Amino acid sequence: TTAGTPPAPPARTPAGGPPAGSYVQVMAVRQADAENVRDGLRSNSLQAHIVQVDPNKDLYRVIVGPVNSQEEYNQTRNRLIDLGFKSSFRVKHPQ
């Protein structure tokens, strides 16, 4: 940040949200869409969560994990690709 500019706020999670760690981000969308995607991923036995990007915006990340190794990341990402989510990538939470 530059002098006089506050840092960006950290991503917020609902109470009981995901613990800190590495995740695979599936997408960032409006809350209603994020909840639908999260629920669909959970129905496919993936540990999906939503995290609000900015408290002033209706934008939520859909993340899966945590992933604790490169192998686990690769397995999760391949599973997401099989489900049609081809643009997923690794992120740290909280960011």
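Since the model is a prediction, treat every value here as computed from it, not as a measurement.

## Focus on the nonpolar core
Point 1. Counting 14 residues, the largest nonpolar core has V26, L41, V62, V64 and L80 as the members making the most contacts within it.
Point 2. Only strand 1 (21-29), helix 1 (31-43), strand 2 (48-52), strand 3 (60-64) and helix 2 (70-82) provide two or more residues apiece to this core.
Point 3. Leave out the neighbours within four places in its chain, and L80 touches V24, V26, L41, L46, V64, F85 and S88.

## Overview of the confidence of the model for the protein chain
Point 1. Of all residues in the protein chain, 82% attain a pLDDT of 70 or more, and the chain-wide mean is 88.
Point 2. Below pLDDT 50 for its whole length, residues 5-14 participates in 16 contacts with residues either more than four positions away or in separate chains.

## Re the side chain of S88
Point 1. When you line up the elements, S88 lands in the loop between helix 2 and strand 4 (89-93).
Point 2. Owing to a relative accessible area of 4%, S88 belongs among the buried residues under this scheme.

## Here's the deal with the side chain of D54
Point 1. Here D54 shows up in the loop between strand 2 and strand 3.
Point 2. Of the side chains with opposite charge, K57 lies nearest to the buried D54, which makes no salt bridge, at 4.4 Å.
Point 3. A polar side-chain atom of D54 sits 2.7 Å from the main-chain amide nitrogen of N56.

Calculation notes
Residues numbered from 1 in each chain as written. Predicted model: local features only at pLDDT ≥ 70, side-chain atom pairs only at ≥ 80, totals over all residues. Heavy atoms only, no water. Core = buried A, V, L, I, M, F, W, Y, C linked by side-chain atoms within 4.5 Å. Buried < 20%, exposed > 50% of the residue type's maximum accessible area, 1.4 Å probe, protein only. Helix = DSSP H or I, 4+ residues; strand = E, 2+ residues; numbered from the N terminus. Contact = heavy atoms within 4.5 Å. pLDDT = per-residue confidence, 0-100. Lys, Arg positive; Asp, Glu negative; His and termini not counted. Salt bridge = Lys/Arg side-chain N within 4 Å of Asp/Glu carboxyl O. Polar contact = N/O pair within 3.5 Å; in protein donor to acceptor, adjacent residues only side chain to side chain.

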